[in-house]
Amino acid sequence: MTRMTRRMAVMLMATVTAFVLSVALAGAVMTTHGDDMRSKKEFVDDEILVKFKPGTRADVISRIHSRLNVRAAKNMLERFRELDGKPRMGFLKKRGLDRLQLLKIPKTADLHAVVRELKDDPNVEYAEPNFLVHVELEPNDRYFSELWGLDNTGQTGGAADADIDAPEAWDIQTGSDDVLIAVIDTGVDYDHEDLAPNTWTNFGETPDNGVDDDHNGFVDDVKGWDFCKLNDGEDDNDPMDDMGHGTHCAGIIAAVGDNNKGVVGVNWHAKILPINGGMAARKMRWSRSPTPS
Ligand SMILES: [Ca+2]
Ligand SMILES: [Ca+2]
Ligand SMILES: [Ca+2]
Ligand SMILES: [Ca+2]
């Protein structure tokens, strides 16, 4: 196999590996999502939110309460007044919150049956359990609050929630070190304090003995491979970053999360496989530029 063919084969393999593992991660997310959702309490056992249709008379509502053995009914507009003190009553009334009630039913009642009965009532606009909203997981990394792409609160003046909803995803899971992601870029600073724990190590290779111990075609490839070294024009086994871009991208992908340091990656635990493939492109671009006179 020629050098170029070997390069292309390895690069292709790394790209395919990253893709396959990304798909595997997505599958893992879907698998664990259901488990986590089941392990959390999703709603209050004896409370129902019901919104009556406009014009429903008070005596009709009272009869419904009696029929369903409702123990207490709270008007949600009053609840907002209690919480806020100065709620925008016009705004809330326009959205019909004066017709929304929080019902307390007996703990022994079948909540879903009561919800179904309310939904079947012609005076009811909608009825549902009082669903609980869980606090999303946020890491303690120093610069997390600046990473608007992960969670945009408008901190840099941009549109709030123009982001990838990372905290919502982390509430389901924060990733796995079973996932290996090849970063084909300008190399990766594998000694960086926020990347080193998440950098792949080739345990099949004995370092610095001049032997390709794992027979993969690369000698002493313990941390990855450098296909584009400018200094000597040769490939070598040191994929240290030449300019910073690859390290930046590796951090976005899998900087260690919740370690009180630096930033946080989308995946807190995935393994990064550093591949320096970026400097060749820069070298070719420069070589085609006219020489200044
Ligand atoms: Ca968001
Ligand atoms: Ca090897
Ligand atoms: Ca070796
Ligand atoms: Ca970190």
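Predicted model, so just to flag it, every value in this text is computed and none were measured. (Residues numbered from 1 in each chain as written. Chains lettered and ligands numbered in written order. Predicted model: local features only at pLDDT ≥ 70, side-chain atom pairs only at ≥ 80, totals over all residues.)

Caption draft 1: Here's a closer look at the overall build of the chain. Along the chain, the regular secondary structure elements total eight helices and seven strands. A total of 293 residues make up the chain; the buried ones form 26% of that total. Excluding contacts between residues fewer than 6 apart, the proportion of contacts in the chain whose partners are at least 24 apart in sequence is 69%. (Helix = DSSP H or I, 4+ residues; strand = E, 2+ residues; numbered from the N terminus. Buried ≥ 20, exposed ≤ 12 C-beta atoms within 10 Å, placed from the backbone. Contact = placed C-beta atoms within 7 Å.)

Caption draft 2: Broad picture of helix 7 (residues 245–254). For helix 7, every residue scored as buried is listed here: Gly-246, Thr-247, Ala-250, Gly-251, Ile-253 and Ala-254. Considered in projection along helix 7, the buried side chains sweep an arc of 165° and stay on one side of the axis. Buried residues belonging to helix 7 abut strand 5 (180–185) and strand 7 (271–276). (Arc of directions from axis to C-beta.)

Caption draft 3: Representation of unusual backbone geometry in the model. Although it is not a glycine, Asn-69 adopts a positive phi angle of roughly 60°. Residues other than glycine seldom take positive phi values, yet Asp-161 does so here, at roughly 70°. Relative to the elements of secondary structure, Asp-161 occurs in the loop between strand 4 (124–131) and helix 6 (166–170).

Caption draft 4: Local environment of the sheet that holds strand 5. One open sheet accounts for three strands, arranged 5-7-6; its pairing is parallel. Because the sheet does not close on itself, it has two edges, and the strands there are strand 5 and strand 6 (225–226). Taken together, the two bridges between strand 6 and strand 7 define a ladder with parallel strand orientation. Paired with Trp-225 across the bridge in strand 7 is Ile-275. (Pairing = 2+ DSSP bridges.)

Caption draft 5: Structural context of the sheet that holds strand 1 (residues 43–52). Sheet architecture is open: four strands sit in the order 2-3-1-4, paired in antiparallel fashion. Only two strands of the sheet have a single neighbouring strand rather than two, namely strand 2 (72–75) and strand 4. The sheet shows a mean angle of 25° between the axes of neighbouring strands, taken without regard to direction. Judged from the five bridges that link them, strand 1 and strand 3 (residues 100–104) form a sheet pairing that is antiparallel. The residue of strand 3 that forms the bridge with Glu-47 is Lys-104. Contacts from helix 5 (residues 111–120) reach strand 1 and strand 4, with the element oriented near 160° to strand 4. (Axes fitted to C-alpha atoms, helices over the stretch in contact; angles between N-to-C directions.)

Caption draft 6: Structural view of the confidence of the model for the chain. For the chain, the mean per-residue pLDDT works out to 82, and 77% of the residues sit at or above 70. Contacts for the low-pLDDT stretch residues 1–39, under 50 throughout, to residues beyond four places or in other chains number 28 contacts. Counted against residues more than four places away or in other chains, residues 284–293, with its pLDDT under 50, gives zero contacts. (pLDDT = per-residue confidence, 0-100.)

Caption draft 7: Region of the structure containing helix 2 (residues 58–67). Burial analysis of helix 2 places just one of its 10 residues in the buried class, which makes it a mostly uncovered element. In the stretch just after helix 2, Asn-69 is the one whose phi turns positive, near 60°.

Caption draft 8: Quick look at the nonpolar core. Counting residues in each nonpolar core, the largest one holds 28 residues, and the members touching the most others are Ile-181, Val-183, Ile-253 and Ile-272. When residues in this core are grouped by element, the largest group, four residues, is from strand 5. Beyond its immediate sequence surroundings of up to four residues, Ile-272 is in contact with Ile-181, Val-183, Val-188, Leu-195, Asn-198, Thr-199, Trp-200, Ala-250, Ile-253 and Ala-254. Listed in part, the 10 residues of the second largest apolar core include Val-50, Val-70, Ile-105 and Leu-118. (Core = buried A, V, L, I, M, F, W, Y, C linked by C-beta atoms within 7 Å.)

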